[in-house]
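Examination of the molecular architecture
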Amino acid sequence: QVQLVESGGGLVQPGGSLRLSCAASGSIFSSNAMGWYRQAPGKQRVLVADITNGGSTNYADSVKGRFTISRDSAKNTVYLQMNSLKPEDTAVYYCNRWPVKSYDYWGQGTQVTVSS
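What comes next concerns the included structure. A quick note: this is a predicted structure, and the numbers were derived from the prediction, not measured.

Here is what the cut-offs are and how they apply
Residues numbered from 1 in each chain as written. Predicted model: local features only at pLDDT ≥ 70, side-chain atom pairs only at ≥ 80, totals over all residues. Heavy atoms only, no water. Pairing = 2+ DSSP bridges. Helix = DSSP H or I, 4+ residues; strand = E, 2+ residues; numbered from the N terminus. Axes fitted to C-alpha atoms, helices over the stretch in contact; angles between N-to-C directions. Phe/Tyr/Trp six-rings, centres within 6.5 Å; stacked < 30°, edge-to-face > 60°. Buried < 20%, exposed > 50% of the residue type's maximum accessible area, 1.4 Å probe, protein only.

It is worth spelling out the sheet that holds strand β7 (residues 67–72) at this point. Here we have four strands laid out as an open sheet, ordered β1-β3-β8-β7, and antiparallel in their pairing. Both outer strands of the open sheet, β1 (4–7) and β7, are each paired with one neighbouring strand and no more. Within the sheet, the average angular offset between the axes of one strand and its neighbour, ignoring direction, is 15 degrees. Relative to strand β3 (residues 18–24), β1 is paired through four bridges, and the arrangement is antiparallel. Bridged to L4 within β3 is A24.

Scanning all chains against the criterion turns up two aromatic pairs. When the ring of Y37 is compared with that of W106, the centres are 5.1 Å apart and the planes differ by 85 degrees; the resulting orientation is edge-to-face. In this pair, Y37 sits in strand β4 (residues 33–39) while W106 sits in the loop between β9 (91–98) and β10 (110–114), placing the two residues 69 residues apart along the sequence. Note on Y37: relative accessible area 5%, which makes it buried. Pairing Y94 with W106 gives two aromatic rings, centres 5.8 Å apart and planes at 80 degrees, and the pair type is edge-to-face. Placement of Y94 in strand β9 and of W106 in the loop between β9 and β10 is noted, with a sequence separation of twelve residues between them. The exposure class assigned to Y94 is buried, which follows from its relative accessible area of 11%.

Quick look at the pairing of β7 now. Residues F67, I69 and R71 point to one face of β7 and are all buried, whereas T68, S70 and D72, pointing to the other face, are not buried. When β7 meets strand β8 (residues 77–82), the two strands line up antiparallel, connected through six bridges. Looking at β8, one finds that S70 is bridged to Y79. Joining the antiparallel neighbours β7 and β8 is a turn of four residues, in which N76 adopts a positive phi near 50 degrees.

Here is the structure:
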């Protein structure tokens, strides 16, 4: 059974930082590249960053230089370090394999709100 549990979100002021965590079941984590996605109100869910099993990373232009994705194979956990946060980063953040399939299960996500 696939399990994806995101945590670490919250309310932060512009310019602040947050570190998100995603605990994934071994079946999905060990066999796939993983990604962080986000969905802002009224918008589609989009990929923010991804990381392969080998550690290669890619970032959306909107977060490049501010966000860092990493993974800990011993803990089946993916992280997203978010610095210099902006109000436009406000969204629910999810993790999943990358690329995600249309039939894939999604966790509950974690809310990130950037506001003064």
